[in-house]
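# Analysis of the macromolecular model
Below are the chains, spelled out letter by letter.
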Amino acid sequence: MADLKELYLQKCGDFACEPITPILEALNARRPLDVIALDGKTKALFNNRIKPMQVIALCETLYEYGGLSVLRLSYNFLNDMAMNSGLRMLDLTGNEATGEGAAALAGVLTRPEARLQALVLRNNPLGDAGVLEIAEMLRSNSSLTMLDLADTHCGIQGVIGISNALTDGNNTLKILDLEDAQVHAQGPQDSTYQHLIRMLAVNTSLTDLSLAKQRMTDPQFEQLVTYGFAKSRAVWTSLSLRGNRLSPFAGPALERLLSLCPRLQRLNLASNALGNDGAVSLSRCLAYCAELRELDVRSNGIGDVGLMALAGVLQLVHTMELFMVWGNNFGPGACRAMADALSHPAARRLRTDVRPYTVDGEVSLALQEV
């Protein structure tokens, strides 16, 4: 470690940058650098966030260091820079990487020796140009199993590019997050959704998918279920549809989706508009979801009828561990039904964001942290 420290200080001098204090402390204490976490939002780094030249000096130092596997550089001041090819996980959340930076990353990840398994680019302004670079990389890369492109200014071209890459060649990616892709689709026949549908029907490796905040409507969702998930041979374990435009009329499509995905463990439907009818439809099939562990239906405009239906089925879903329901319209009947469901022995290990309490014989619910 003494030689590594000497090399690090030399590289910092070469690139005219200050040493990163936590790195220097670890080298002084002779701690292994297998996991490096430099989150710019922490108290230690908030006023001294990491800059590009500091990372380049660090990567130059660790180029031949075989122990590094995880590098987290979220919420710093990083822009367009390359990476060390020996990493297993790279987290660049909340930086300033653009299409040029995505091209540099893609260039490294197309090399045969690339071993990166998880790439997090959330909240970077990649734009369509950057996402298309990542999509092209996916056609030849065989190491990535997790890709987070949430909030990357991805538009229609980017979504189509990723969908086509996962249709035509890639069969190793398991987790994909496309939250807040700026699709602005106008109808179920929009070409963007046709590409997504084809990807769902053909790809066999994906297990976790987020299509959150894509402004998806009922007809578009029905198309995805009927022509995508219905033909899919993948084993789906996690699906997020949070923050879309699903209404009570989406209920039948939801029922069919759950029947097509019997291994589903996590389902996020928060911030839609499912209402009572959507919640009742959902409750009809929950008892048959043999592996469902997490369900989020917060802020869906569900009233007493729908909430009572969901409460009534909770004790039948023996695998359920997390149930998020705050932000709906709880009346007296829903409060009593939820309190009864949560007091049932079958719900002992269930974590939820509501807590029943009684005042003057009336049952109410309070928000609680989970």
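Here, the structure is the one placed above.
My aim in this report is to walk through the structure given alongside it, one point at a time.

Rules used throughout
Residues numbered from 1 in each chain as written. Predicted model: local features only at pLDDT ≥ 70, side-chain atom pairs only at ≥ 80, totals over all residues. Heavy atoms only, no water. Helix = DSSP H or I, 4+ residues; strand = E, 2+ residues; numbered from the N terminus. Buried < 20%, exposed > 50% of the residue type's maximum accessible area, 1.4 Å probe, protein only. Contact = heavy atoms within 4.5 Å. Lys, Arg positive; Asp, Glu negative; His and termini not counted. Charge placed at Lys NZ, Arg CZ, Asp CG, Glu CD. 1 Å grid on protein atoms, 1.4 Å probe; cavity = no way out; pocket = protein on both sides within 12 Å on 5 of 7 lines; lining within 4 Å. Points joined across faces, edges and corners; volume = space filled by probe spheres on them. Axes fitted to C-alpha atoms, helices over the stretch in contact; angles between N-to-C directions. Parallel < 35°, antiparallel > 145°, perpendicular 65-115°, else oblique. Left-handed = near helix turned anticlockwise from the far one by under 90°. Nonpolar A, V, L, I, M, F, W, Y, C, P; charged D, E, K, R; others polar. Pairing = 2+ DSSP bridges.

### Describing the overall build of the chain
- Helix and strand counts for the chain stand at 12 helices and 14 strands.
- Taken over 370 residues, the chain has a buried fraction of 53%.
- Within the chain, residue pairs in contact and separated by at least 24 positions form 77% of the contacts whose partners lie at least 6 positions apart.
- Charge centroids of the chain, computed over 33 positive and 39 negative side chains, lie 4 Å from each other.

### Some words on the side chain of Thr152
- Along the chain, Thr152 turns up in the loop between β5 (146-148) and α6 (156-168).
- For Thr152, a relative accessible area of 0% gives the class buried.
- Apart from the residues lying within four places of it in its own chain, the contact partners of Thr152 are Leu121, Arg122, Asn123, Asn124, Pro125, Leu126, Gly127 and Val131.

### Topic: empty space enclosed by the protein
- On inspection of all chains with the given rule, the structure shows 3 cavities of 30 Å³ or more.
- Approximately 50 Å³ is the volume found for the largest cavity.
- What lines the largest cavity is simply Leu314, Gln315, Val317, His318, Met320, Ala346, Ala347, Arg349 and Leu350.

### Points about the packing of helix α7 (residues 191-202) against helix α8 (residues 218-228)
- Following both chains from N to C, one finds α7 and α8 inclined at 30°, their axes separated by 8 Å at the closest point. Considering their axes alone, α7 and α8 lie roughly parallel with respect to each other. Seen along the crossing, α7 lies across α8 with a hand that is right-handed. Contact residues: Tyr193, Gln194, Leu196, Ile197, Leu200 and Ala201 in α7; Gln220, Gln223, Leu224, Tyr227 and Gly228 in α8.
- Classifying every residue of the contact of α7 with α8 by side-chain character gives 7 nonpolar, 4 polar and no charged.

### Details of the environment of Gly130
- Looking at where Gly130 falls in the secondary structure, it is placed in helix α5 (residues 127-138).
- For Gly130 and His153, which are 23 residues apart along the polypeptide, the C-alpha to C-alpha distance reads 9.3 Å.
- Residue contacts for Gly130: discarding those within four places in its chain leaves Gly99 and Ala102.

### Let's talk about the sheet that holds strand β10 (residues 294-296)
- A sheet is described by the order of its strands in space; here 12 strands give the open sequence β1-β2-β3-β4-β5-β6-β7-β8-β9-β10-β11-β12, paired in parallel fashion. Two strands close off the open sheet at either side, each with one partner strand: β1 (35-37) and β12 (351-352).
- Where strand β4 (residues 118-120) meets β5, 3 bridges bridge the pair, whose relative direction is parallel. Residue Leu119 lies in a different strand from β5, and its bridge partner there is Leu147.

### Describing the pairing of strand β14 (residues 362-367)
- Taken together, the 6 bridges between strand β13 (residues 354-359) and β14 define a ladder with antiparallel strand orientation. Within β14, the position partnered with Arg355 by the bridge is Ala366.
- Hairpin connection from β13 to β14: 2 residues lie between these consecutive antiparallel strands, with Asp360 at a positive phi of about 55°.

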